[in-house]
Amino acid sequence: MDEKIRVGIFGLTCCAGEELNITNLEEELIDIAEIVDIKNYLMVQSNNELPVDIAFVAGFVATPEDKKRLQEIRENCKYLIALGSCATSCGGLHNLRSRYALEEQYSEVYDGVKLEKEFAPLSEVKPLDYYVDVDYYIRGCPVPEEEILYYIFKFVRNPPVKNELLPVNIQTGNYDEIRGMAFSLDPKKCVVCRRCVNICQKHIGVGAIDIISRGGGARVVVSTFFGEGFENGECILCGQCLTVCPVGAYSVRNDVSRVKSILAEPDNFVIALLDPMTCTSMLQHFSREKDFRLYLRRVISSLHEIGFDKVISFTYAYHLSLIHQARHVLKGDEREKIAAWCPAAIELIRKKYPSLLKYMNVEVEPLHMLMSIIRNEFGKNAKFVLITPCVAYKNSSEVDAVLTSRELRQLLSSCGVDIDTMAPDRAGFDRECLSSGMMEIMNTYPLGPLAESLLSYIHLFSGSEEDIQRMQIEKGVEEIVIRLKNSTKRTLIITEPGKMEKYQEYVKDYDYVEIVPCIGGCAGGGGHYPAPSFDVIEERRRLIDYYNQGIVSKLGRWALARAYENILREGFRCPL
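Note that the structure is predicted; figures quoted are calculated from it, not measured.

(A) Main features of the overall build of the protein. A count of helices and strands for the protein gives 19 helices and 17 strands. For the protein, buried positions account for 56% of its 576 residues. If you take every contact in the protein between residues at least 6 apart in sequence, the share linking residues at least 24 apart comes to 72%. On the protein, roughly 25700 Å² of surface is accessible, and the fraction owed to carbon and sulfur atoms is 48%.

Here it is, written out as structure tokens:
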């Protein structure tokens, strides 16, 4: 008879629900014992040993003892399987402690009692694959008994491809819709393709959603932890889950009816804050127009047609933020070290890396800065509608409504407006909010990461010639060195926020750090029509670059220099 495969079932810090579920198999354990040799299972036997062939490990690493034990298991097994949500993503109640400083937790729980170093909690809660190589993941809280049994037989008889996820008997019905202020998830539409989970956990590095099982049985569904609204958990509202979902299980709060009501009130003076990037995906999907500049003017004309009194470019807001931060980067201001132009990046720092908030001035967020200037510009009856590809703004209290690309087209269509038939002549952004010497240059769109406009402002304010060196540290992480007349400024650009974990301790060593949550920046924002490939996102960036070139060539070199001189001389009416 062939030697049985040796199996170990281990638990680190957790509620032991996964181990208990295996124990509850009872009669099935007899069948399991016939094909495997359970060498280590502390919950049910006293004689435990290593090594084993397959190690099922539940729980997460919360103490030095956990870390040491996990590394010992990894060294003494052929396959290591992360079992349950705690092991795979540090979900549930345990992850809540990461929101509070360790000192506060000590004071609240232990009331000053000193713990031995070996057993004292680590400052951060981490899943297994942060410390060791994990071969397979079985997700769920708890993992259903039937699924555990399925996997034990699967691994013994025919191990699957490494890291493959094979939930059995998937059922997604009978789960309530998960609602939030910004967007919602309907599990009944979900086909459990895991695209949203992968981008949330791997690219963003947040893990606000996961594959879970609830209520026993092998029923698997994508959900937030405990079905909480997105804002109440780890979600940063970047909307990348919307862009990758192939079945429309995610939906954005729709403000079309709200905007119609605002426009219908005769006493309202309605101002649209239009981000030009919003219109790029509309042109790609629906327009016969080939010239993006003309298309944007047609959109502005359409907004006036349905009742908007003013249409102001949201690019002004970006420039206000960039000018402010460029000045403070030159001064070496610690509170301006991390860029604050992206609301989703701000939420990432708040929720995931609160210790870095001292390096970020959230008051220079673009919408906040622009509204500080124009809120009282048009009187008490003024209503503001932001039109943007960024769904994170859906939670903003600065404006009366927020429209995405899809909602803008829906609004215009429901009002009987065909954008392609609108006359573009004399249709342009209104210019009341800023001085005339600044207007043209601030119509340009600051393409990032590390917007070229910021570099321009740094060189302008320092009086130095441009000397920039770029270096790719790794995929999604870039370092830019800016050499000035009397100093050198180091900048760090992270376009895969999931890698922020590795670089957070180095933030103090840089003069400027920018985090870009959305793939391709604002061109890949959650408010766009979905892009089937990265080439589509790049095309949106090319459309904006073409738009910028038109403004710069219209200004000419002399007019461009004059505009910068006016910025220096007149300031930019920023309240900060």
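Having seen it, we continue.
(B) Looking closely at unusual backbone geometry. At the junction of L50 and P51, the peptide bond is cis and its omega measures out at 5° in the coordinates. For L237, which is not glycine, the phi dihedral falls at a positive 65°. Within the element layout of this structure, L237 appears in the loop between β8 (220-224) and α9 (240-244).

(C) Seen up close, the confidence of the model for the protein. Here the protein averages 82 in pLDDT, while 81% of its residues score no lower than 70. Below pLDDT 50 for its whole length, residues 166-173 participates in 23 contacts with residues either more than four positions away or in separate chains. Per-residue pLDDT stays below 50 along residues 571-576; that stretch engages in 20 contacts with residues further than four places along the chain or on separate chains.

(D) A look at the packing of helix α11 (residues 278-286) against helix α12 (residues 292-305). Running from amino to carboxyl end, α11 crosses α12 at an angle of 105°, the nearest separation of the two axes being 10 Å. Taken together, the axes of α11 and α12 lie roughly perpendicular to each other. Here C279, T280, M282 and L283 of α11 come into contact with α12, specifically with F292, Y295, L296 and V299. By residue class, the composition of the contact of α11 with α12 is 7 nonpolar, 1 polar and no charged.

(E) Looking closely at the nonpolar core. By size, the foremost hydrophobic cluster in this structure holds 131 residues, and its most contacted members are Y250, L273, L274, L303 and F308. No other element matches helix α13 (residues 315-331), which puts 8 residues into this core. When neighbours within four sequence positions are excluded, L303 is seen to be in contact with A272, L274, F308, V311, I387, L408 and L412. Membership of the second largest hydrophobic core comes to 21 residues, among which are V36, Y41, A58 and I81.

(F) Structural view of the packing of aromatic side chains. Applying the stated criterion across every chain yields a total of 11 aromatic pairs. Ring centres 5.1 Å apart and planes at 80° place the aromatic pair Y130 and Y131 in the edge-to-face group. When the ring of F314 is compared with that of Y318, the centres are 5.2 Å apart and the planes differ by 75°; the resulting orientation is edge-to-face. A relative accessible area of 0% places F314 in the buried class. Given a relative accessible area of 8%, Y318 falls into the buried group. In textbook terms, an aromatic cluster arises when at least three aromatic residues are bridged by ring pairs, as seen for F314, Y318, Y393 and Y445. Positioned above the aromatic ring of Y546 is the side chain of R293, whose terminal nitrogen or guanidinium carbon lies 3.7 Å from the ring centre. One Lys or Arg, R490, reaches over the ring of Y510 and ends 4.3 Å from the middle of that ring.

(G) A look at the sheet that holds strand β1 (residues 5-11). The parallel open sheet is built from 5 strands, whose spatial order is β2-β1-β3-β4-β5. The open sheet has two free edges, formed respectively by β2 (36-41) and β5 (136-138), since each of these has just one partner strand. Each strand of the sheet is rotated relative to its neighbour by a mean of 25°, with strand direction disregarded. In the sheet, β1 pairs with strand β3 (residues 52-58) via 5 bridges, with the strands oriented parallel. Its bridge partner being in β3, I9 is matched across the sheet by F56. Along the sheet, helix α3 (residues 64-75) contacts β1, β2, β3 and β4 (77-83); its crossing angle with β4, the most-contacted strand, is approximately 135°.

(H) The pattern of salt bridges, seen in detail. What the rule picks out here adds up to 23 salt bridges. Here K39 ties to E49 by a salt bridge, and the two come within 3.6 Å at their closest N and O atoms. With K39 in strand β2 and E49 in the loop between β2 and β3, this residue pair connects regions lying 10 residues apart in the sequence. Judged by relative accessible area, E49 falls into the partly exposed class, the value being 42%. One salt-bridge network, in which partners are shared between bridges, spans R253, D255, R258, K394 and E407.

(I) Structural detail: helix α16 (residues 405-414). Buried within α16 we find S405, E407, L408, L411 and L412. One side of α16 holds all its buried residues, which, seen down the axis, span an arc of 165°. Summarising the contacts, the buried residues of α16 are in contact with β9 (250-252), α10 (256-264), α11, α12, β12 (382-387) and β13 (401-403). G416, located one to two residues past α16, shows a positive phi value of around 75°.

(J) Structural view of the sheet that holds strand β17 (residues 512-515). One open sheet accounts for 4 strands, arranged β14-β15-β16-β17; its pairing is mixed. Looking at the sheet topology across the chains shown, the edges are occupied by β14 (468-474) and β17. For this sheet the average axis-to-axis angle between neighbouring strands, irrespective of direction, equals 20°. Taken together, the 6 bridges between β14 and strand β15 (residues 477-483) define a ladder with antiparallel strand orientation. Opposite Q472, over in β15, you have E478 as the bridge partner.

(K) Local environment of the packing of α13 against helix α17 (residues 452-462). Taken N-terminus to C-terminus, the directions of α13 and α17 make an angle of 50°; their axes are 9 Å apart at the nearest point. Comparing the axis directions of α13 and α17 gives the class oblique. When the axes of α13 and α17 are compared, the crossing they make is right-handed. On α17, the residues touching H319, L322, I323, Q325, A326, R327, V329 and L330 of α13 are S453, L454, Y457, I458, F461 and S462.

(L) Quick look at helix α15 (residues 366-374). Most of α15 is tucked away, with 7 of its 9 residues classed as buried. Along α15, the residues that are buried comprise P366, L367, M369, L370, M371, I373 and I374. Those residues of α15 hidden inside the fold are in contact with β10 (269-274), β11 (310-313), α13 and β12. Structurally, the start of α15 carries an N-cap: the backbone nitrogen of L367 is 2.9 Å from a side-chain oxygen of E365.

The rules behind these values
Residues numbered from 1 in each chain as written. Predicted model: local features only at pLDDT ≥ 70, side-chain atom pairs only at ≥ 80, totals over all residues. Heavy atoms only, no water. Helix = DSSP H or I, 4+ residues; strand = E, 2+ residues; numbered from the N terminus. Buried < 20%, exposed > 50% of the residue type's maximum accessible area, 1.4 Å probe, protein only. Contact = heavy atoms within 4.5 Å. Areas by Shrake-Rupley, 256 points an atom, 1.4 Å probe, with all protein chains shown as cover. pLDDT = per-residue confidence, 0-100. Axes fitted to C-alpha atoms, helices over the stretch in contact; angles between N-to-C directions. Parallel < 35°, antiparallel > 145°, perpendicular 65-115°, else oblique. Nonpolar A, V, L, I, M, F, W, Y, C, P; charged D, E, K, R; others polar. Core = buried A, V, L, I, M, F, W, Y, C linked by side-chain atoms within 4.5 Å. Phe/Tyr/Trp six-rings, centres within 6.5 Å; stacked < 30°, edge-to-face > 60°. Lys NZ or Arg CZ within 6 Å of the ring centre and 35° of its normal. Pairing = 2+ DSSP bridges. Salt bridge = Lys/Arg side-chain N within 4 Å of Asp/Glu carboxyl O. Arc of directions from axis to C-beta. Left-handed = near helix turned anticlockwise from the far one by under 90°. Polar contact = N/O pair within 3.5 Å; in protein donor to acceptor, adjacent residues only side chain to side chain.

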